[in-house]
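The lines below spell out each chain.
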Amino acid sequence: MPDIKVTPLGAGQDVGRSCILVSIGGKNIMLDCGMHMGYNDDRRFPDFSYITQNGRLTDYLDCVIISHFHLDHCGALPYMSEMVGYDGPIYMTHPTKAICPILLEDFRKITVDKKGETNFFTSQMIKDCMKKVVPLNLHQTVQVDDELEIKAYYAGHVLGAAMVQIKVGSESVVYTGDYNMTPDRHLGAAWIDKCRPDILITESTYATTIRDSKRCRERDFLKKVHESIERGGKVLIPVFALGRAQELCILLETFWERMNLKAPIYFSTGLTEKANHYYKLFITWTNQKIRKTFVQRNMFEFKHIKAFDRSYADNPGPMVVFATPGMLHAGQSLQIFKKWAGNEKNMVIMPGYCVQGTVGHKILNGQKKLEMEGRATLEVKLQVEYMSFSAHADAKGIMQLIRMAEPHNILLVHGEAKKMAFLKDKIEQEFNISCYMPANGETTTVTTNPSVPVDISLNLLKREMALGGPLPDPKRPRTMHGTLIMKDNSLRLVSPEQALKELGLSEHQLRFTCRVHLQDPHSDTDTLSRIYSHLKSVLKGYAVQHLPDSTVMVESIVLKVSSSAEEPDLKVVLLSWCFQDEELGSFLSTLLKKGLPSAL
Amino acid sequence: MDSECLSLLPSVCEVLADSKLLPPDDTSLEKLLDWFKDLTSQDDGQSLLQHQPCLLQFLYSVMESEVVDPIIFSFSLKLAGLLAAEESGFCLLQEKGVLVSMFVPDGWHVLGLWKNASVRCGWLQGLWNMLQHPPAMDFFCRNGIITLVLNLQNDESLFITSLTNQILAHILNCSMPRVLGNDTDSTAEGQALVSSDWVSVTTEIMSHMSRSLASEDQAVILPGLRLLAIVLTQCGDPLKRLLWKHVLEPLEVLAIRKGDSLTPPMMAVLQAAARTPLYIQPECRVEALMNVMLYSRNTNESVLCAASILLLEKCVSIRLIGSAVISLLRICIGHYPSTILQVGNFPHLIGCCKIQRCGLDVLGSLTVYEESMDLIQEAFAIILQYMQSPDSHATVLKKAHQAALKWFSICSPSTDLWRFVSNDLFSVLKKHVCDGRWEVRDSTLEFIAQLTSALKGNSEYTEALHTNGMISVLFTALSDVEAYVQASAVAALGEALTTTNLPLCTSLQEEIVSHLLTVLAQDAESFPRRAALKVFTSWLKIPQTFAALDQSLSSVFSLGGNDCDWEVKIHTLELADVLMEKSLSHCPYAVQGYEPSERCTEQALNKLMDLGTLGLLFKCLFDCDRPVSQKACALLLKLRAFMKQTSHTDGNDLALEICRYNWGEEILHRYCSKRPEQSDCVSNDDEVSYEQIDIVKCDPCWPKEISLCKILDVLDLDEMQHTLSLSSDHVINSPRSLMEDILFVAHQSEDNVVDCY
């Protein structure tokens, strides 16, 4: 039976570096190629030697598909393509293709800045890798090769995020990447066809959570910022260049406008412009509200948010600053943090996840004294707040997507084992389908039962009807006989005659022959007559004829007699029959082997 | 071990063993293991266990716990293995009964933990850590652990099967010399250690291998073949011979058996065997097996086999491969060589990017063989055809460029070659610089830059480049819409002007410099700005003078120093480095036997000052990006060393009006902190606040200028450099920070931990 194999190299029972291998219909596809920011050695990348030891990934992989620009989904891409070696196509949506290199560059710079970093890709490698990228449009089927096709669907989550359907023949898999089933300030909700894939590979970050409404979180965020500003404090919001930052900017901009607030809001230099550029360019990927109002006013052209300069950090009075990087581990955000940390009036709001070892991680976990530059200690007096704005589907959303796509099997990735196990039970109970949650390195094999659609010729159906069969009924399958023509990517069942005619072939007849040796001291002609008489007497009711060309015919069976000059009494009887008379033919040969009755 | 870490370790062990607390994320546990690995490599496990009783306590509590988290359990297995990696640690753990409880099959894994892949992986990893010495091998062989390991060879997890194979190969490797009795190094004592358990384990592994290979089930055969390939690569010759005898029969059956998924691992085994002495022993039948594989399979698989066989060097003539590749490349582009009659068989090859890319790669790599020289004309012809074909995919064109560069690197200059370059190659490149795809434009510009650099100093090439309209094409590309392309155009143009021997007309120079300055001032994407600075630096390095550049240096330093991209700043500092080198080295040193010319030094320093170089260095010294401040610090140290060498110049003459600059504040701050006695305006506190600096700045009694020497002195550059080399690990890698994080996380609410992007 054909099967589909899924092996996560990353994101199997964890939220780390997403990298999932799928083998379907003889094709091998890599879904996402992410990095783990928690390591600073080779462990940050998936171990590609499990795919092939010889480093020639091109030989093994038919294509790579990247779901969105977050580094845990694309961060290992230049390493894989340029350092390990992959020359085949890499698919991602247009916005992802545009934004991905910016984030990779951003991370490369931070990484190079760090000590002890080894084996990291260069700027040139990022560019060379991006040259291998083939952009995808939503809902457009792309033919990777003659058999493999892919199609992207809107996933929400971040600008350009896509779910992707992979199809080989009648077998298919859908990979969701990260998705969000509820629209937010700038993006819409994920959507997919009722495409009934064999497997739906879905993220499960919030597998057990029913999240409070986004509005509540937004209110909470604004309240905290407002309170801090009111008491004259400064608010630092460490962010990554693109993504959540834009959502929070829209939020603050609207709030400032509504409340007529005067405190300045700043954004790290160079980033707003670049980000705005992409949001304008890919306006069709944002939500309906932004698209609608775009004609009157572009949401991303901010009135209150200005570019930040290093010297502003020392300005007196309240202010809000968005600064990179998001985990407070280097650069501007860390520099501002150091300046503001000692004042309890100030506040830092961490809007996302921070890896172990970063200042962000430490302060989120309540550390109040930080060791800086190997010796000095920084006292953290400012208020530390954590506000999750990451846009993932919650348990309800995941179930909603399953109802939308109606898959035959589910496979959970990108989540924690315990929570996955809970969701797995829930899915199996509610939908009565198998749900898998392989760990990294574990292969899940799902047997498929591919139905291959075949067109049937009208003549064949008519003939079937003439024989008195029931009318065709899709609910009651039955067997049909005919000749299968596989031509020009189509399969058709037709009558054998029609097949011969269409293909310009002539019919061939298959005949069996057999020689029987007889001791018969007569002339050849006499022996043939004796055979004729014998058969006539044995095979009553069969057409036995003695033909003028010295042959005897029984139905389609032809008999001839010959002998050699050396041994005239040893007769060789040659029998030949077509396969329809197989039984009669073997009966005759057995009969003649017994010899002719002497009485003849 | 650091005493602070020592004091934290007991609490960390307690937190890890407490099943009510959240386990730390797996990266923290992995990093903790890294630290233990370092510790055990410095000091053996025994002393660690003796000095840190909490470790043993931790292992006990994990073993006894019925609700242990699989992640923690897996961690403890790996840890126990590490601690037992040395004999002494091993003996202690065995004495305490830890090893039997943790590693012997009858113990804990019935609890259901075994179902968890991370636990199985941890168990194997622990074994792998431990199996480094004979007592551990003894332990392994005596306790029947091998059965479980062999079972894991067919595990669902790739990670587990791969680790299992490594362990099995390791066991064979360790035990075989002793079992075979030809271990020349072993003493009589060592020999005595070879118990019947060792023999039975090795026999079991080998029988298991031949059984696996004889199986009907592909899932069983596959790991068997993988193990065989590992053994053939890693183990000693006697073992290989013995093993080969065991497996030859099933291999012969497998060679005739058809099945897609087995062909690559079979070929991997045969390739490995072909690289051992087994290859030349007729009874081993390695070559015969290859033959069977090659001829008994369908086209696709035969190609795979053929490819593997070709990888074994020197088996086919390079000339033959070259001709075949060129023919294939011709077919792929739709040009059928007349020698190939059955043209109809290849329609699917036409336009097949995968084969085109691969073919061009091979074509390029042929250039390492001398025999390829005969193919040079054909090679260039086919490369040109690919470049000229309107259907060539961007990735294929890039491969064509790479192949062309390789062929250029081996060919000797000839009139034909230059005709080819100026007539054929340049005309197609000019078209590509205007291609609709940015990938093509960029690769073409990169190719031009690389070719120019490779043919540096070749006057025919330079002439062709400058007389063919190429320069104006490059100029146009500077205004490309894509930043990547602009940057490549800057680099190509820079290269073209660096390598030329032709006198450049001043107006062209001026035009280029002013264009690059515009790039520096206006570009928003950083790649072109970085490229522009690199070009300036390369121009400044060459002996000829670029008058236009010299006039613009101060603008370059000002723009580059104020850039928001730290790499642009780094490149600006590199430019400053070259300039400093150039201007200061013209001043003779005392060591060279001359009286150093005070005047010359002064002039040079004044020039650097006027061009804004010194300002740049001080500004960058306080940059928020470490590499920038580190580079600036290094340059200032260089400057200080120079000034010390020319010590009679006290530098007092060169004074900086620091209040004019925004970086001046930092210097003033340090100046005040260092020399509070000099000013009545500043209190005697250790720290000087910025508010106080403001007072200082306004105070008319304060000197507005500080001499360069004093500044360099006050800055304490050595200390700064030391700090900079320590810092910036803001992803703090110290074990102490790791342990603190583990302790803090354990008491956090769940929400903070689970979140991600």
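About the cut-offs
- Numbering of residues starts from 1 in each chain and follows the order in which that chain's sequence is written.
- Think of it this way: whatever chain is written first is A, whatever ligand is written first is 1, and the rest follow in order.
- Reporting in this predicted model follows two pLDDT cut-offs: at least 70 for local features of residues, and 80 or more for side-chain atom pairs to be given and counted; totals over whole chains, interfaces and linings ignore these cut-offs and use all residues.
- For the side-chain quantities, the full set of heavy atoms in the structure was used; hydrogens and water were omitted.
- The contact rule is simple, with two residues in contact once any of their heavy atoms fall within 4.5 Å.
- Summed over both partners, the accessible area (1.4 Å probe) lost when two parts come together is defined as the buried area.
- Any Lys or Arg side-chain nitrogen located within 4 Å of an Asp or Glu carboxyl oxygen qualifies as a salt bridge.
- Here a polar contact is recorded for every N or O atom pair within 3.5 Å, except that within protein the pair must consist of a potential hydrogen donor and a potential acceptor, and residues adjacent in sequence are included only if both atoms are side-chain atoms.
- Here a strand is any run of E in DSSP of at least two residues, a helix any run of H or I of at least four, and the numbering for each starts at the N terminus.
- Amino acid classes used here: Ala, Val, Leu, Ile, Met, Phe, Trp, Tyr, Cys and Pro are nonpolar; Asp, Glu, Lys and Arg are charged; the rest, including Gly, are polar.
- Take the buried residues of types Ala, Val, Leu, Ile, Met, Phe, Trp, Tyr and Cys, join any two whose side-chain atoms come within 4.5 Å, and each joined set is a nonpolar core.
- Residue burial is assigned from relative accessible area. The probe radius is 1.4 Å, only protein chains are included, and a residue is buried under 20% of its type maximum, exposed over 50%, and partly exposed in between.
- Boundaries of every domain are those given by an automatic assignment or by a domain database.
- Strands were regarded as paired on the criterion that DSSP finds at least two bridges between them.
- The axes used here are C-alpha line fits, helices contributing only the stretch in contact, and every angle between their N-to-C directions lies in the interval 0 to 180 degrees.

**With respect to the interface of chain A and chain B**
- Taken together, the 79 residues of chain A in the interface contact 69 residues of chain B.
- For the pair chain A and chain B, the summed buried surface comes to about 6,500 Å²; carbon and sulfur atoms form 49% of the total.
- Residue A:Arg108 is joined to B:Glu567 by a salt bridge in which the shortest nitrogen-to-oxygen separation is 2.5 Å.
- Run the count over chain A and chain B and you get 25 residue pairs in polar contact (both at pLDDT 80 or more).
- Per element, the largest residue contribution to the side of chain A that touches chain B is seven residues, and it comes from helix 4 (residues 94–113) of chain A.
- When its residues are assigned to classes, the side of chain A that touches chain B shows 22 nonpolar, 30 polar and 27 charged.

**Some details on the nonpolar core**
- With 408 residues, the main nonpolar core has A:Phe337 and B:Trp244 as its most contacted residues.
- The contact partners of A:Phe337, leaving out residues within four places of it in the chain, are A:Leu236, A:Leu328, A:Val348, A:Val359, A:Ile363, A:Leu370, A:Leu378, A:Val380 and A:Leu382.

**Topic: the domain arrangement of chain B**
All names here are of chain B.
- One can read the domain layout of chain B as domain 1 (317–411), domain 2 (412–502), domain 3 (504–648) and domain 4 (654–713).
- Relative to domain 3, the C-alpha centre of domain 2 lies at a distance of 28 Å.
- Its largest share of buried area at the contact with domain 3, domain 2 owes to Phe475, Val490 and Leu497, together 37% of the area lost on that side.
- Counting the contacts that link domain 2 with domain 3 gives zero salt bridges.
- The tally of links from domain 2 across to domain 3 stands at two residue pairs in polar contact (both at pLDDT 80 or more).
- For the side of domain 2 that touches domain 3, the leading source of residues is helix 27 (residues 483–499), giving ten residues.

**Let's talk about the sheet that holds strand 25 (residues 490–494) of chain A**
Residues and elements named next belong to chain A.
- The strand order across the open sheet built from three strands is 23-25-24, with neighbouring strands paired in mixed fashion. Lying at the two open borders of the sheet, with one neighbouring strand each, are strand 23 (455–456) and strand 24 (483–487).
- Bridging between strand 23 and strand 25 involves two bridges; their strand directions are parallel. Bridge pairing links Ile456 to Leu493 in strand 25.
- The strands touched by helix 15 (residues 496–503) within the sheet are strand 24 and strand 25, with strand 24 carrying the most contacts at an inclination of about 30°.

**With respect to the pairing of strand 22 (residues 444–447) of chain A**
All names here are of chain A.
- Along strand 22, the buried face is formed by Thr444 and Val446; none of Thr445 and Thr447, which line the opposite face, is buried.
- Both strand 1 (residues 3–10) and strand 22 contribute to a ladder of four bridges, which runs antiparallel. The residue of strand 22 that forms the bridge with Val6 is Thr444.

**Brief notes about the pattern of salt bridges**
- The full count for this structure, using the stated rule, is 61 salt bridges over all chains.
- Its salt-bridge partner being B:Asp442, residue A:Lys127 comes within 3.0 Å of it at the nearest N-O pair. Residue A:Lys127 is located in helix 5 (residues 123–130), and its partner B:Asp442 is located in helix 24 (residues 438–454); the two belong to separate chains. Both residues of the pair, A:Lys127 and B:Asp442, count as buried.
- Its salt-bridge partner being B:Asp69, residue A:Lys418 comes within 3.3 Å of it at the nearest N-O pair. Within this pair, whereas A:Lys418 is found in helix 13 (residues 417–431), its partner B:Asp69 is found in the loop between helix 4 (53–64) and helix 5 (70–83), the two belonging to separate chains.
- Among the residues examined, B:Asp69 registers a relative accessible area of 15% and is labelled buried.
- Residues joined in a network through salt bridges with shared partners are A:Lys127, A:Asp128, A:Lys131, B:Lys398, B:Asp442 and B:Glu446.

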